[in-house]
Number of protein chains: 2
Amino acid sequence: MAPSVHPSSSPLFTSKADEKYANVKWDELGFALVPTDYMYVAKCKQGERFSKGEIVPYGDISISPCAGILNYGQGLFEGLKAYRTEDGRITLFRPDQNAIRMQTGADRLCMTPPSPELFVEAVKQTVLANNKWVMVSLIPSRFLPFWFYVPPPGKGALYIRPLLIGTGAVLGIASAPEYTFLIYTSPVGNYHKASSGLNLKVDHNHRRAHFGGTGGVKSCTNYSPVVKSLIEAKSSGFSDVLFLDAATGKNIEEVSTCNIFILKGNIVSTPPTSGTILPGITRKSISELARDIGYQVQERDVSVDELLEAEEVFCTGTAMVVKAVETVTFHDKKIKYKTGEKALSTKLHLILTNIQMGVVEDKKGWIVEIDHFIGTDSFPDEIEGKSI
Amino acid sequence: MAPSVHPSSSPLFTSKADEKYANVKWDELGFALVPTDYMYVAKCKQGERFSKGEIVPYGDISISPCAGILNYGQGLFEGLKAYRTEDGRITLFRPDQNAIRMQTGADRLCMTPPSPELFVEAVKQTVLANNKWVMVSLIPSRFLPFWFYVPPPGKGALYIRPLLIGTGAVLGIASAPEYTFLIYTSPVGNYHKASSGLNLKVDHNHRRAHFGGTGGVKSCTNYSPVVKSLIEAKSSGFSDVLFLDAATGKNIEEVSTCNIFILKGNIVSTPPTSGTILPGITRKSISELARDIGYQVQERDVSVDELLEAEEVFCTGTAMVVKAVETVTFHDKKIKYKTGEKALSTKLHLILTNIQMGVVEDKKGWIVEIDHFIGTDSFPDEIEGKSI
């Protein structure tokens, strides 16, 4: 049975009596949760294997107060986006990379991860469920209305949030006896409101990660500790915080939710993924694209001194793709960098989003199209018999 | 209406047809969850104040998949114990210190904490609810049967686990818009099975905390990252892991769930609480007790070299109270320390547990008795009308 359509009551959707689908006001979207209709949930005992989960209506989950995630932070997340291409197809960008990163993280946090195949399949199912794709599978996608859930090209995306969390009860410090793999989605616009470029503040009081910690995996434990820095910086008018390395305090590491690059001459440099830096998928892709257009890309320690002398600075991440840094403030020093149409960051942003949106051909094999006929062999099985 | 009694079906309880209360097999208890009957739950919007929560039947909670705790590890926990004294009273050990530590942690993680008064009151209510105290409030406590939920003196305790977690939905990295303060309990025995002393392994690959991180507060984010070390160490026959400082790797910091002390001559030394060490309540109490009996106590950086030359080493924590370290393994070097009846750790353990159990008079003002008449002004209001 195909899922029926329930227009959301969120204020970010408008509804007319004669409209069958919700209309997302993409121009007004930021990066906040707009609940969609379905989520994916799978459970697995420690040491066993995840098998196929279920697409269920989006909503609260039930969890033990003694769960590993609630008591000891045993959790990983991923973030990726579904895009609508110019010709109406719905695509994902390198979801296999997210799947692999979740496996690496699960090894670090001693969790049982879903297989990469199951991960990608689950992501596809979740996107399909939230796009009513199955409903219109017989209509060529180019005839779909523009205000369909996955946004029109160039305006936001459907953000996908896979979680792997320890949901089994555990009182002494140990691996949880049960894990939940869950995926929910939300239409999103820009992560940062700044239209020109980011204004970063170098944080001298807090560090994000240390050698032998979890900075190199997408553990939930890396994020709540940076909220204080972020709030302090934003209250002083900054867009975000740039963290230095914990060992020496001399090298730049990462912004709260994105990787950082500097440009000097023909050389693009970014800190290495040696355990304290998140191995960003956008970071990796942008490095490759920069090389393609003739830049040298160096992954190595980048000192604050080099940052201050750079011509350009930019950040990369799934949420923001590529974003120019307009200024960096280090103590009382405020450095301004090149931004705008002629900046490398603008060029790289365009190249990458053109691939993601299907404007140019993907010669890298990065784009995974969600075939709406996937539903005929796996998706309906999952929802058959459910009243969704 | 007073709560009725539901004997647990846990295998750690036995039941006889003629016994009204459950009988905990205290000798077989380790440090694993044995669910009790009730928990405390209070909710609060960000920036508002927690008001009185509710005592509800222990069970799973309902939470948004987008909650701060599930995605970004925005959570703190506490741990304390309820003891049965020799004369049948039920007491808590310095619960105000847990309350204050939760406030400090909440400030670090940008959460809204319960007031210390509410915290202590909620802990008392939770213990009362799980001891059927209200049921027998007219019976002098010295007539209570020995196998009542709070264990007989000297055999385990009722462990109390307060949690403060970000339960509001938050997609971009930020403070959650809603917090939940929850308390559950579990009868527990010894944290470590080792009867003589701990065998610690110094970890050379992982670090627990760094300057500017969250090592100084009881954040959930400090714990899942140490599970890997712990599993590796236990698989090699060690009891636990000793972490070195992230900055230099030369000083000792903390064991996975407890503080560490060394003794040389008349001087007891322990690493300082300068941001990377958890300010343990047992640590603080033991420092004071050691001074009382004539030792010099120094809170300062303690190098690995000093550790290797110490006469005695011991750990402190709520779960284990005071536990002697029998050996420390550093690379291929295995050092043996004094343990047993004549060890300082044994003496300090006895002094502290005698205070906690009410064997000796508490001249410090550390013991908080749970007055079973507390129920007459606040507890019954909370459960009135509920079918528990």
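Everything in this summary refers to the structure shown in the same document. (Residues numbered from 1 in each chain as written. Chains lettered and ligands numbered in written order. Predicted model: local features only at pLDDT ≥ 70, side-chain atom pairs only at ≥ 80, totals over all residues. Heavy atoms only, no water.)

1. Brief notes about the overall build of chain A
The condition that has to hold: Put simply, DSSP marks the helices as runs of H or I at least four residues long and the strands as runs of E at least two long, and each gets a number from the N terminus on. Only protein chains enter the accessibility calculation, which uses a 1.4 Å probe. A residue is then buried if its area is under 20% of the maximum for its type, exposed if over 50%, and partly exposed in between. Should any heavy atoms of two residues lie within 4.5 Å, those residues are counted as being in contact. Note on areas: Shrake-Rupley with a 1.4 Å probe; residue coverage comes only from the protein chains shown.
What chain A contains, in helices and strands, is 9 helices and 20 strands. The buried share among the 388 residues of chain A stands at 63%. Within chain A, counting contacts between residues at least 6 apart in sequence, those at least 24 apart form 71% of the total. Total accessible area computed for chain A in this model is approximately 14800 Å², and 51% of it derives from carbon and sulfur atoms.

2. Focus: helix H7 (residues 344-356) of chain A
Here is the rule we go by: Helices are assigned an expected span. That span is 1.5 Å times one less than the residue count.
Over its 13 residues, H7 of chain A runs 18 Å from end to end, which matches the ideal 18 Å to within 8%, given 1.5 Å per residue. At the C-terminal side of H7 of chain A, Gly358 of chain A shows a positive phi close to 80°.

3. Digging into the relation of the copies chain A and chain B
Here is the rule: Copies overlap after least-squares fitting; the atoms used are the C-alpha atoms of residues with pLDDT of at least 70 in both.
Each copy superposes on the other: chain A lies on chain B with an RMSD of 0.0 Å after a rotation of 180° and an axial shift of 0.0 Å. On the angle and the small slide along the axis, the relation comes out as a two-fold axis. Comparing interface residues between copies, 100% of those in chain A also lie at the interface in chain B; the contact surface is shared.

4. Details of the pairing of strand S14 (residues 259-264) of chain A
All names here are of chain A. Heads up, the rule is: Criterion used throughout: strands pair if DSSP finds at least two bridges between them.
Most of S14 is tucked away, with 5 of its 6 residues classed as buried. Relative to strand S17 (residues 312-317), S14 runs antiparallel, the two being bridged by 5 bridges. Bridge assignment links Asn259 to a residue of S17, and that residue is Thr316. Pairing between S14 and strand S15 (residues 267-270): 3 bridges, direction antiparallel. The residue of S15 that forms the bridge with Lys264 is Ile267. With antiparallel pairing between neighbouring strands as the criterion, S14 and S15 make up a hairpin whose turn holds 2 residues, including Gly265 at a positive phi of roughly 65°.

5. Considering the interface of chain A and chain B
This is how the line gets drawn: For any pair of parts, buried area is found by adding up, for both, the accessible area (1.4 Å probe) each one loses once the two are put together. For this document, the term salt bridge refers to a Lys or Arg side-chain nitrogen within 4 Å of an Asp or Glu carboxyl oxygen. Ten residues, namely Ala, Val, Leu, Ile, Met, Phe, Trp, Tyr, Cys and Pro, are considered nonpolar, four, namely Asp, Glu, Lys and Arg, are considered charged, and the remaining ones, Gly among them, are considered polar.
Counting residues at the interface gives 62 residues for chain A, matched by 62 residues for chain B. Buried surface at the junction of chain A and chain B, both sides included, amounts to about 5000 Å², of which 63% is carbon and sulfur. Taken as a group, Pro65, Leu171 and Ile173 of chain A account for 15% of the area that chain A buries against chain B, more than any other trio of residues on that side. Our count for the chain A to chain B interface comes out at 2 salt bridges. Linking Lys228 of chain B and Asp107 of chain A is a salt bridge whose minimum nitrogen-to-oxygen distance equals 3.4 Å. Looking at the side of chain A that touches chain B, the elements that each hand over two or more residues are strand S5 (61-63), helix H1 (68-72), helix H2 (95-108), strand S9 (157-166), strand S10 (178-188) and helix H4 (227-235) of chain A. Broken down by class, the residue content of the side of chain A that touches chain B amounts to 36 nonpolar, 19 polar and 7 charged. Strand direction decides the pairing type here: S5 of chain A and strand S5 (residues 61-63) of chain B, joined by 3 bridges, are antiparallel. If you follow Ile61 of chain A over to S5 of chain B, its bridge partner there is Ile63 of chain B.

6. Some details on the side chain of Lys228 of chain A
Its place among the elements puts Lys228 of chain A in helix H4. Leave out the neighbours within four places in its chain, and Lys228 of chain A touches His206 of chain A together with Asp107, Arg108 and Cys110 of chain B.

7. Focus on the pattern of salt bridges
One pass over the full model with this rule turns up 20 salt bridges over all chains. Across the pair Arg101 of chain B and Glu78 of chain B runs a salt bridge, and its minimum N-O distance is 2.7 Å. Of this pair, Arg101 of chain B sits in helix H2 (residues 95-108) while Glu78 of chain B sits in the loop between strand S6 (75-77) and strand S7 (80-84), and the two are 23 residues apart along the sequence. For the pair Arg101 of chain B and Glu78 of chain B, one class covers both residues: buried. With a closest N to O distance of 3.4 Å, Glu254 of chain B and Arg208 of chain B form a salt bridge. Taken together, the residues span a long stretch of sequence, with Glu254 of chain B in strand S13 (residues 252-255) and Arg208 of chain B in the loop between strand S11 (198-202) and helix H4 (227-235) at a distance of 46 residues. Three or more residues are tied together by salt bridges with common partners; here these are Lys43, Lys45 and Glu178 of chain A.

Any functional reading would require information that these geometric values do not contain.
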